[in-house]
Amino acid sequence: MKKERIDALLKELEELSQDTALGLNDDIRNIRKKLETKQPGAFSTWDHVKIAREIKRPGTLEYVNLICDDFMELHGDRYYGDDPAMVGGIGIIDGRPVTIIGNQKGSNMKESIARNYGMGSPEGYRKALRLAKQAEKFQRPVIFFVDTPGAYPGIGAEERGIGEAIARNLKELSILKTPSISFIIGEGGSGGALGIGISDKLYMLEHSIYSVITPEGFASILLRDSSKAKEAAAIMKMTSEDIMNFNIIHGVIPEPPGGAHENPEETAKHIKEVIKQDLGVLCSKQPEQLVRYRLKKIRSIGHFDEQKGWWKELFSIFSKSLDLRAL
C-alpha cells in the first residue's frame, strides 16, 4: 500500500476519532511512528515541503509561549510602522533574559492574511535589527525563529527599501556583539530567511526546508513549468538532511511523528534544550570571539575544495534542471 493511501486513511481515522470521541490519537501517533521507523527515508522532499507549510505548524509565538517563563512583545521599527509578519520582544528562559525575534504566519486564513503569510516587509526587518541592537546594548542573547517563504516583494516594500533593509541586517547581524542562535522552524526562503538567519549557531527542525527560492519558483524559471514543483523540490536539496550534509547548519532537531504540529510541546522541549546548552557556552565567550567565529563560519559556506569534488554534484543538479534543448 502506498504511503499516500496510508496517510489518507490515518487522516480519515483522526477525523472519525474527533467526531466520535474515540480517543485514538495516541494509537494513530504510534502507527505513524512505526511507519517512519520501518521505512527509513520514507519522506520525500515534497513531503517535507508540505509538512513545513502545514497551517497548524507552530510559529514563533507558539514556541515563545512554550519555551519562555515570561515574554513582552515589542513593536515598531521607529521609521515607518509595525510589521505583524515579524514579531519580537524580551523573554525569560529559566531565569535568563533573551531577545526573541521571528516570523509569524498565522494559524488560520484570517490571521495568515493579517500577518501576510510570514513574508516580512522593510519595517519588519528594521524592527528585527532594532531589537537585535538593543539586545547587544544590554548584553542579552538573541534567539531567531525563521519561518517564511521569502520577504514580501510588493511595490510598497520595494519603495520602502526591502533590499536595503535585508542587506543591512546581513551586515549588522554578522558582526553583532552578543550571542545569537537561529532556528528554521518551517520554511527558510531566500533573503527573507537570511535577514534574520545570521547567527553563531543555526539549526533546522527535521521537517523544515531551506532554499534560495521556492520549489514553485524554481520550477517556473528553470523547468519552465510551475506545476513541476514536486520534481523541482527533489532537485533543490532543501531538506534538513541535505543542508546538514552541506555543512551549513549546526544540527537537526527531531520532530514528533507527523511533524511538530502533532506535538508542539515535545518540539519546544528539544528547542529549549538546545538554547540552554548553546547559551551556556556562547555567553562565556568574549564578543570579539563570537564575531570572529561567526564570520569564519559564513565565509566557509560554499568554499571550493577540489578534493571533495562538490562541483561535480552541483553540475549534476543543474544538468538535471536545465533543458538545454529548450534554450
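Right above here is the structure, for reference.
Because the structure is predicted, anything quoted here is derived from the model rather than measured.

Criteria and cut-off values
Residues numbered from 1 in each chain as written. Predicted model: local features only at pLDDT ≥ 70, side-chain atom pairs only at ≥ 80, totals over all residues. Heavy atoms only, no water. Helix = DSSP H or I, 4+ residues; strand = E, 2+ residues; numbered from the N terminus. Buried < 20%, exposed > 50% of the residue type's maximum accessible area, 1.4 Å probe, protein only. Contact = heavy atoms within 4.5 Å. Phe/Tyr/Trp six-rings, centres within 6.5 Å; stacked < 30°, edge-to-face > 60°.

Draft legend 1. Broad picture of the overall build of the protein. Helix and strand content of the protein: 15 helices and eight strands. By residue count, 46% of the 327 residues in the protein fall in the buried class. A separation threshold of at least 6 residues defines the contact pool for the protein, and within that pool the share at least 24 residues apart is 71%.

Draft legend 2. Focus on the packing of aromatic side chains. Applying the stated rule across the entire model yields three aromatic pairs. Ring geometry for Tyr63 versus Phe145: centroids 6.0 Å apart, planes at 20°, classification stacked. Within this pair, whereas Tyr63 is found in helix α4 (residues 60-67), its partner Phe145 is found in strand β4 (residues 142-148), the two being separated by 82 residues in sequence. In this structure, Tyr63 and Phe145 share a single accessibility class: buried. Relative to Phe183, the ring of Phe145 has its centre 5.7 Å away and its plane inclined at 25°; by these criteria the two rings are stacked. Within this pair, whereas Phe145 is found in strand β4, its partner Phe183 is found in strand β5 (residues 180-189), the two being separated by 38 residues in sequence. The pair formed by Phe145 and Phe183 is uniform in burial state, with each residue classed as buried.

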